[in-house]
Amino acid sequence: MTVIRTYDDTRAKRPEICKTGTKRLRKYILTKRGDIMSFSKKYSFHSFVFIGMELFVLMLLCLCLFMKKTDRQTDIFQTSSKFIKWVDFNVTSEALDQAFRYDVDTCQAEIHLNWVDLLAYLGTRYGGDFSRYKKSDMEKVAEQLSNGDSTMEELTKDMKYYDYYKQAYGAVLDGMVGTFQAEIPADEVPQSSETVPDTVWVTKYGLKAFFPLAKNFPYNDFDDFGVSRSYGFRRRHLGHDMMGQVGTPIIAVESGYVEALGWNQYGGWRIGIRSFDKKRYYYYAHLRKNYPFQSDLKEGSLVQAGDVIGYMGRTGYSSKENTNNIEEPHLHFGLELVFDESQKESDHEIWINCYELIKFLQKNQCETIKVDGTKEWRRVYQTKDIPPA
């Protein structure tokens, strides 16, 4: 019987086959590893060059952006040969009130503390960010000035942007505090005459500007400056909305001349009043349908702070005149700063956030009474702010 041992034959040949295969495999691996190492070196070099170029381009872009930002800041803060291009007014009502108190309390003192100067000093220190405001900061500088330990010129000599903040804040506030004539009840002053009139005129120093809604009329508001608006085109809301009742008397915040009176498809019936120094343009919009304005007003009319100028409504958002398309009755109150006439009605208008300013003006509200037989109201006591010659 013949037995074929195929296993033994295969086993006998395997060592040489394995030995030969191992040598070939080792040679193959060494060859490929050299190729891989060469490829890796080439790839690493190219990657290094590519990454280096990317970093260089990125550095150039950052440099360009920094230079552009620096140029913009220089342009914004320019206060000599060029006019101011932008103002971000975020002074809090608390800071406004504190500075105002110092101003009024020292109006007859040897050293008068100007409220705009105080706010400009703090604005420079804070970089315009009044979220950093501390009452003690103003107390400290006010004490230094009042005691004669230093002057504002000395305190600000190394402050690069003090002049900018003084001009910017002055553009907002200069017409609001000062000397004015006021009509007051006669029983508030001593009388030497037997014939006593109902009211008398006195000279006062203090807050000349008024809250934009008549006293004792309800309203509510919130800080809505900059929120989105979509009628006509998408844009930012550049005013302050005060919700209330249709017919609420609207009060002139500051004295000035009526510059605009009529229909605007966005603001509806609206009034625009320019301050005497022409730095402020007050915008009152969405006035009442059918009877929006005080009857004696026209373009060019002189308006005194505290005068009734119109009535709250909900007109606007329509090219058709006298249309109510606003859902909730409210006053849109806007304040535009004008440093150069080229800014007016342009793409470079400066509208400021009035929310904190409105809170501050609550301390001076105008009392009104209804005029019998009409749809109008009038103020109880008059004031007179004489325009500069």
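Residues numbered from 1 in each chain as written. Predicted model: local features only at pLDDT ≥ 70, side-chain atom pairs only at ≥ 80, totals over all residues. Heavy atoms only, no water.

## Side note on the overall build of the chain
Selection rule: Runs of E in the DSSP output that reach at least two residues are strands. Runs of H or I that reach at least four are helices, and both are numbered from the N terminus. In what follows, residue pairs with any heavy atoms lying within 4.5 Å of each other are defined as contacts. Shrake-Rupley sampling with a 1.4 Å probe provides the accessible areas, and residues are treated as covered by the protein chains on show and by no other component.
Of the regular secondary structure elements, the chain holds seven helices and 17 strands. Partitioning the intrachain contacts of the chain with sequence separation of at least 6 by distance along the chain shows that 66% fall at a separation of at least 24. Counting only carbon and sulfur atoms, one obtains 53% of the accessible surface of the chain, whose full area is about 23,200 Å².

## Observations concerning the nonpolar core
We apply this condition: Nonpolar cores were defined as sets of buried Ala, Val, Leu, Ile, Met, Phe, Trp, Tyr and Cys residues, with membership established by side-chain atoms within 4.5 Å. Each residue is assigned to one of three classes by its accessible area relative to the maximum for its type, calculated with a 1.4 Å probe on protein chains only: buried under 20%, partly exposed between the two thresholds, exposed over 50%.
Membership of the largest hydrophobic core comes to 68 residues, with the highest contact counts inside it found for Trp 115, Leu 119, Leu 173 and Tyr 284. Non-local contacts of Leu 119, meaning those with residues more than four positions away in its chain, are made with Val 91, Ala 95, Leu 96, Ala 99, Phe 130, Met 138, Tyr 169 and Leu 173. Grouped together as the second largest cluster of nonpolar side chains are eight residues, Ala 214, Phe 217, Tyr 311 and Cys 366 included.

## Some thoughts on the packing of helix α2 (residues 93-105) against helix α4 (residues 135-146)
The packing of two helices is summarised by the inter-axis angle and the distance between the axes. We count it as follows: For every element, the axis is a line fit to its C-alpha atoms; helices are fit only across the contacting stretch, and the angle between N-to-C directions ranges from 0 to 180 degrees. By the definition adopted for this analysis, an angle is roughly parallel if under 35 degrees, roughly antiparallel if over 145, roughly perpendicular if from 65 to 115, and oblique otherwise. Each crossing gets its hand from how the near helix is turned against the far one by less than a right angle, where anticlockwise is left-handed and clockwise is right-handed. Classification used: nonpolar for Ala, Val, Leu, Ile, Met, Phe, Trp, Tyr, Cys and Pro, charged for Asp, Glu, Lys and Arg, polar for all others including Gly.
Across the interface, α2 lies against α4 with an axial gap of 10 Å and an inter-helix angle of 20°. With respect to α4, the element α2 is oriented roughly parallel. Remark: the crossing between α2 and α4 carries right-handed chirality. Residues Ala 95, Gln 98, Ala 99 and Tyr 102 of α2 form the contact with α4, whose participating residues are Lys 135, Met 138, Glu 139 and Ala 142. Split by residue class, the contact of α2 with α4 holds five nonpolar, one polar and two charged.

## Side note on α2
For clarity, the cut-off: In a helix, the anticipated span is given by 1.5 Å times the number of residues less one.
The terminal C-alpha atoms of α2, which comprises 13 residues, lie 18 Å apart, in line with the 18 Å expected from a rise of 1.5 Å per residue. Restricting attention to buried positions, one finds in α2 the residues Ser 93, Ala 95, Leu 96, Gln 98, Ala 99, Phe 100 and Asp 103.

## Considering the environment of Pro 218
Position of Pro 218 relative to the elements: it lies in the loop between β2 (199-207) and β3 (220-221). If we skip the residues at most four places from it in the chain, Pro 218 touches Met 243, Gly 244 and Gln 245.

## Some details on the pairing of strand β6 (residues 240-243)
So the rule is basically this: Here a strand pair is declared whenever DSSP counts at least two bridges between the two strands.
Burial along β6 is two-sided: His 240 and Met 242 facing one way and Asp 241 and Met 243 facing the other are all buried. As defined by bridge partners, β3 adjoins β6 across two bridges and the pair is classed as antiparallel. By the bridge assignment, Asn 220 is partnered in β6 with Met 243. Alignment of β6 against strand β13 (residues 330-337), held across four bridges, turns out to be antiparallel. Following the sheet pairing, Asp 241 is matched in β13 by His 332.

## Some details on the pairing of strand β10 (residues 280-285)
Taken across its six residues, β10 has six buried, putting it largely inside the fold. The alternating pattern of β10 places Arg 280, Tyr 282 and Tyr 284 and Tyr 281, Tyr 283 and Ala 285 on opposite faces, both of which are buried. The pairing of strand β9 (residues 268-275) with β10 spans four bridges and is classified as antiparallel. Considered in β10, the bridge of Ile 271 is made with Tyr 284. Two successive antiparallel strands, β9 and β10, enclose a turn made up of four residues, where Lys 278 displays a positive phi of approximately 65°. With six bridges joining them, β10 and β13 adopt antiparallel strand pairing. Its bridge partner being in β13, Tyr 284 is matched across the sheet by Phe 333.

## Notes on the environment of Met 159
Within the element layout of this structure, Met 159 appears in the loop between α5 (152-156) and α6 (162-173). Aside from chain neighbours lying at most four places away, what touches Met 159 is Tyr 121, Thr 124 and Arg 125.

## Quick notes on α6
For α6, which comprises twelve residues, the first-to-last C-alpha distance of 16 Å matches the rise-based estimate of 16 Å (1.5 Å per residue) to within 8%. With nine of twelve residues buried, α6 lies mostly within the body of the structure. Residues of α6 that are buried include every one of Tyr 162, Tyr 164, Tyr 165, Ala 168, Tyr 169, Gly 170, Ala 171, Val 172 and Leu 173, and no others.

## Re the sheet that holds strand β17 (residues 383-384)
Taken in spatial order, the three strands make up an open sheet running β2-β1-β17, and their pairing is antiparallel. Of all the strands in the sheet, just β2 and β17 have a single pairing partner and so form its edges. Sheet topology note: the strand β1 (residues 177-185)/β2 ladder contains nine bridges and is antiparallel. The residue of β2 that forms the bridge with Pro 185 is Thr 199.

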